[in-house]
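# Coordinate inspection notes
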Amino acid sequence: MTQAAARLRHFKNIEFILGIVLAGTMTLAVLLSPLLFPDGGEQINLAARLTRPFTDWHHLLGTDPLGRDVLARVVTGGRISLLVGFASVAGAVVVGVVMGLVSGYYRGFWDMLVMRFADVQLALPFILLAITFIAIVGGGLGNTIILLIVSQWVQYARLVRGSVLSLNDREFIHAAKAIGVPDIKILFQHLLPNLAGPVVVLMTLNVATNILLESSLTFLGLGVDPTIPSWGGMLADGRTYLQNAWWVSVFPGLAILFTVLGLNLLGDWLRDLLDPTGRTEA
Amino acid sequence: MKTGGGISIAIPRSRKPSGRIDPARGALGRFPEALVASFLLKRILQAVFVVIVVTLTVSFAIRLTGDPALMLSQGAGSVTEEDLANIREALRLNEPFIVQYWGFVKGLFTGDFGRSFLGGTSVSLLISKALPATLALALSSMLVSIAISIPLGIHAAVHKGKAADQVIRILSLVGLSFPNFWLAIMLVLVFSVMLQWLPPSGMSGLSSFVMPAVTMGIILTATNVRLVRTAMLETLRSQYIQVARAKGLSETTVLYKHALRNCAIPLITYFGLQFGGLLGGIVVIERVFNWPGLGTLAFDAVAGRDYPVLQAVISVLSLLIIGINLLVDIAYGLVDPRIRTR
Amino acid sequence: MKKLSRTSGVALAVLLAALPFGAGAAKAAGTLTISSPQDPGSWDPIDTFLVNWSSVATNIYDGLVYRGPDLKIVPALATEWEVLDEGKRLRFKLREGVTFHNGEAFNAEAVKFTFERLLGEEGKKGPQRSNYAVIDKVDIIDDFTVDLILKQPDPVLITKLAGYGAMIVPPKYVSENAEDFVNAHPVGTGPFKMASYEPKVGVKLEAFADHWGGAPKLDAVEYRFISEPATAVAELQAGRVDIVIPPTIPISMVPTIEADGKLEVRSVTSPTVYALRFNTGSGITADERVRKAMIMAVDRKAIIDAVLGGQAQQIASFQSELSFGYDPKMEPLPFDPAKAKELLEEAGVAAGAPVQIDIRGNDATFGEVTQAVASYLQMVGLTATIKPYETNVLLNDIIPQGKTGAMFQQSWGGWTLDYDNTAYLMYHTGERWNPYDSDKELDALLESQRSMTDTAAREKVLQQIAEYAANRALEMPLYNLNALYGVNKRVKNFVAPPDSRMRLNEVTVE
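Here's a quick rundown of the structure. These figures come from a predicted structure and were not determined experimentally.

The next subject is the sheet that holds strand β18 (residues 475-481) of chain C. Residues and elements named next belong to chain C. Across the sheet, which stays open at both edges, the 6 strands sit in the order β14-β18-β13-β17-β15-β16 with mixed pairing between neighbours. Each having just a single partner strand, β14 (312-314) and β16 (382-389) make up the two edges of the open sheet. On average, each strand axis in the sheet is tilted by 25° relative to the strand beside it, whichever way the strands run. With 3 bridges joining them, β14 and β18 adopt antiparallel strand pairing. Counted as the bridge partner of A312 is L481 from β18.

Here it is in structure tokens:
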């Protein structure tokens, strides 16, 4: 191992450390929020509205227009963002991987169907799809997650299909087929493990993207219930307060920034680690 | 290629400049002319199919969003069923879906998309004003991103693995991690309200492009820096760069003249692909900056159940994206025959 | 690093070179710029119901009568009028020597043409016709005298003649030009004429020197359509917009504008009222005691002071003090959580009973109000959840179909300022906004006042209706929100109207 390579690894670690510290801290805080803030920052106190941050130990990051504790709400609000981020990616992965496996492995009619479906999906601009979708079925947590799944499974399907196509001709698959291993077993035991790397990379980056998309939707008034604290909702509601009570939207904004940046750093680091050939681009 | 508030571009493996080529199919060499023609035909047929499904889906879905007649009569006092029926009649909402859809498809060819339900403005007129605004913003966002990412990407490639490389990578990821509408609002506060350097909204002269283009451009930068870096790394390894260096050309000349030119084609292709993605993600930014583009148009249209406008906007955008993807596909297919059989 | 900075330096220089243009572009003397949240799409009076149509069109058109910021009906294109045949005939003497912007002369023919168009095939396509359906026909007595013959007396009609569908249009121009041309190029007799209209972007008006009331003091007025509040306020702060009109400025931005020495907030009582209405048909809110308990559980005054920064008045019935039928003696139910708990117990409501509140998802201020309401309900042992809908879904589907939760948002602001326009639509059996309730006694009251020509008697009945609705607690009346205008101090003589229908002929700018 050359000195340069060792140094490279050292610098890689900076990306990893920064990523894990940012995303890890935020995730941990969010997961611990029921213990840290049992009331979930829901306590309205009109008398203490818009307290400035760092002036009152009970409200370290100040209070919002309804006198709720910003710190508690930021920490609790992360639950929605992370839930939307992870659940939508999980859904998209399941749908996308199955579709990709089927279309790449069986080819022919299924392949055509799935890929044309994917083309249609890719040709519809996301936000426009979102406003139409929400206008039909309404907003809310569940619908937001479904919307994100609908708009993102294609990435996984394409990625998996491409990989399956190139794996199909590999010797171990031929061998497995020859000795009569059932298709389903080949798909899940032999093909899937080989795809894990790029899929995990794409997932990490997508959780980051979806947290941002959720906040965009909420900003446009299409997102989740405003009574449930969420980062997107706090940003959107706080935007008109930026000039006289900056903390109402700056802290949730930083929460999004740190979490998403952490995930992006991790994704980038993972990509170099798991997917050196760069099958995933983001 | 899927995009949204935060733009992320996933480029299928087959389109990567340096992507591995399937070894089993890699040695097939050049195809005869007939196969090229059939490849083109197949791609075009696929695109036509997608266009039909997209327009059909859009027209159908829009009609599930609610009754425009109710919308139009809101706040008009006691509205009777008869009044509503009259309005529906005037808007031709009574016609069967397939007739309405056919009218719209004809419009795609003749450029006559009918009239807006809200005020009866010609939809073609609305699109003809909004499309250039959106395209101009998307294009300037790309330019901003390219202007930032080419020097950064080259610098990162040259200093691969060193601190500069890491710093550039992390900074470009920071840009990708901002909720863009929030960044936009903060930029407005700083540059329009506090410093009063730039107009906060609208499209009026060059200065009005700066903030929206920077906000959009920053998002693309993370991807583009990576693309430029990868392409440059590969080019820098090539022999003729070594030769150029050996000739004693200045490093700037080597990098910006020889190396950059060499990876221009794949980079331009990516930027083309991104363009389609940008168009879809621009809605939120248009809203914050009150940009008179397709996004603003679509947003008002969905709020007002303005079917003709909404379906025209979505279809025009989709057609653009399909068209760009088709061109990229064809270009790649022609350049790299191995892809054709995919 | 050197090469790097050279390239990016060039890019930066290109960007910076672009800066000075447009940023602080100087305005022409005598031009007023206004930010309006919405483009109505068409300027034809029969096509719209949008208040933001009126904010512009009030300057382009005249009606037979005019109602200004003081809300008094005064002569406009009609110099005088009388009520004949027990309210079934209105006779108008028309102003002579008035011309439209295109030179056409205004006379009785133009009035007849306007109303026949509104009530005929053309009008059928739009939303305005139903407001004027009471007009049977228009008789021309002479060149400058017309009679409106009514199917039955309509006490509110004279007010309706001051706006919207009743704006007088030039017959020759309208019949000779294509519909969409007329929509985009309105011609009226008003103090300003349209110079240009760019859909979704803005409108430019210029002074019409030959206006019958004298030439306006401004040279030109420019309207820009800006829907995002933070953006509109930023434009105001940057000095590129002189007036931001309602309903743009959220309460949360009032302190921001007030903190800017160049700007001021004009806050005027508006017709807009907010209530959370009850599902009186099913669930716990079918019980009147529960409804009263819920009203008493909420400290509406505290919400107005804290969340709304005092920019609203508490209401006892679903109307503002500007409304005809408003009874200043009516008192809202007091804030009394103890009594509320008692009533809930009496009605047998279990602790933690769920209450769903349906609201419009795009109204941030009301969202905050609802959260405060929910937390007050929580304190008396109810479990309130808030369900936001996209505005049109709520208005066109959820409410009319009776698919709401226990409570739903209703914001209302009829420009005619007559309680009938609210009460009839909210309480009469079978009306669109009344999906749950049917009350014979209330129906009879609502019907009886519609044909009364005795103003005083009618007002009594309207007050009676308000009282009746309050006794049954058909809604939780919340507040009457002020209309907020953000105004640059260089604007002089601007009187902020309660209904956004601004006439700008007296306004000047420094």
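Next comes the rest of the write-up.
Bringing a nonpolar patch on the surface into the picture now. All names here are of chain A. Where nonpolar side chains cluster on the molecular surface, the patch consists of V94, V95, V98, I184 and F188 and spans about 430 Å² of accessible area. Those elements giving two or more residues to the nonpolar patch turn out to be α3 (70-106) and α8 (183-219). Broken down by element, the nonpolar patch gets its largest block of residues, 3 residues, from α3. Inspection of the secondary structure puts F188 in helix α8.

The next point concerns the side chain of S215(A). Tracing the sequence through the fold places S215(A) in helix α8. Residue classification places S215(A) among the buried residues on the basis of a relative accessible area of 0%. With residues up to four places along the chain from it excluded, the contact list for S215(A) reads G232(A), I256(A), P179(B) and F181(B).

Below, the discussion takes up unusual backbone geometry. Residue and element names in this part refer to chain C. A cis amide bond links P246 to the next residue, P247, at an omega of 0°. Mapped onto the elements of the fold, P247 is located in the loop between β11 (243-244) and α10 (254-258). Phi at N493 is positive, roughly 65°, even though this residue is not glycine. When you line up the elements, N493 lands in the loop between β20 (491-492) and β21 (508-509). For N493, a relative accessible area of 54% puts it in the exposed group. The backbone of S500 shows a phi angle near 65°, a positive value even though the residue is not glycine. With respect to the element layout, S500 can be found in the loop between β20 and β21. The exposure class assigned to S500 is buried, which follows from its relative accessible area of 5%.

A separate point is the packing of aromatic side chains. The full count for this structure, using the stated rule, is 27 aromatic pairs over all chains. An angle of 20° between the planes, with centres 4.2 Å apart, marks the rings of F219(A) and F181(B) as stacked. Of this pair, F219(A) sits in helix α8 while F181(B) sits in helix α7 (residues 180-194), on two different chains. Each member of the pair, F219(A) as well as F181(B), is classed as buried.

The next point concerns helix α14 (residues 364-379) of chain C. Residues and elements named next belong to chain C. Over its 16 residues, α14 extends 23 Å from the first C-alpha to the last, a length consistent with the 22 Å expected when each residue adds 1.5 Å. Taken across its 16 residues, α14 has 13 buried, putting it largely inside the fold. A positive backbone phi angle near 95° is found at G381, which sits one or two residues after α14.

What follows covers the interface of chain C and chain B. Contacts between chain C and chain B engage 52 residues on the former and 52 residues on the latter. With both sides pooled, the region where chain C packs onto chain B buries about 4400 Å², and carbon together with sulfur makes up 58% of that total. Counting every contact that joins chain C to chain B gives 2 salt bridges. Residue K200(C) pairs with D300(B) through a salt bridge whose shortest N-O separation is 3.8 Å. Linking chain C to chain B there are 9 residue pairs in polar contact (both at pLDDT 80 or more). Among the secondary structure elements, those contributing two or more residues to the side of chain C that touches chain B are α1 (2-17), α2 (20-23), α8 (179-184), β8 (192-198), β10 (220-225), α9 (229-237), α15 (391-398) and α16 (419-427) of chain C. Considering every element that reaches the side of chain C that touches chain B, the biggest residue donor is α1(C), with 5 residues. Within the side of chain C that touches chain B, the residues separate by chemical class into 22 nonpolar, 14 polar and 16 charged.

On to the pairing of strand β9 (residues 202-207) of chain C, then. Across a regular strand the side chains alternate sides, sitting on one face of the sheet and then on the other. Residue and element names in this part refer to chain C. Note that β8 and β9 share 6 bridges and pair antiparallel. Note on β9: the bridge partner recorded for M194 is L205. Hairpin connection from β8 to β9: 3 residues lie between these consecutive antiparallel strands, with K200 at a positive phi of about 70°. As judged from the 5 bridges shared by β9 and β10, these two strands associate in the antiparallel manner.

Residue and element names in this part refer to chain C. Taken in spatial order, the 7 strands make up an open sheet running β8-β9-β10-β1-β11-β19-β12, and their pairing is mixed. The sheet is open, and its two edges are formed by β8 and β12 (263-268), each paired on a single side. Two strands pair when backbone bridges link them, and strand β1 (residues 31-36) and β10 are joined in this way by 6 bridges, in the parallel orientation. The residue of β10 that forms the bridge with T31 is A220.

Reading the values: the criteria
Residues numbered from 1 in each chain as written. Chains lettered and ligands numbered in written order. Predicted model: local features only at pLDDT ≥ 70, side-chain atom pairs only at ≥ 80, totals over all residues. Heavy atoms only, no water. Pairing = 2+ DSSP bridges. Helix = DSSP H or I, 4+ residues; strand = E, 2+ residues; numbered from the N terminus. Axes fitted to C-alpha atoms, helices over the stretch in contact; angles between N-to-C directions. Patch = residues over 30% accessible without salt bridge, like charges linked within 9 Å, V, L, I, M, F, W, Y side chains within 5 Å. Areas by Shrake-Rupley, 256 points an atom, 1.4 Å probe, with all protein chains shown as cover. Salt bridge = Lys/Arg side-chain N within 4 Å of Asp/Glu carboxyl O. Buried < 20%, exposed > 50% of the residue type's maximum accessible area, 1.4 Å probe, protein only. Contact = heavy atoms within 4.5 Å. Phe/Tyr/Trp six-rings, centres within 6.5 Å; stacked < 30°, edge-to-face > 60°. Expected span 1.5 Å × (residues − 1). Buried area = accessible area lost by both parts, 1.4 Å probe. Polar contact = N/O pair within 3.5 Å; in protein donor to acceptor, adjacent residues only side chain to side chain. Nonpolar A, V, L, I, M, F, W, Y, C, P; charged D, E, K, R; others polar.

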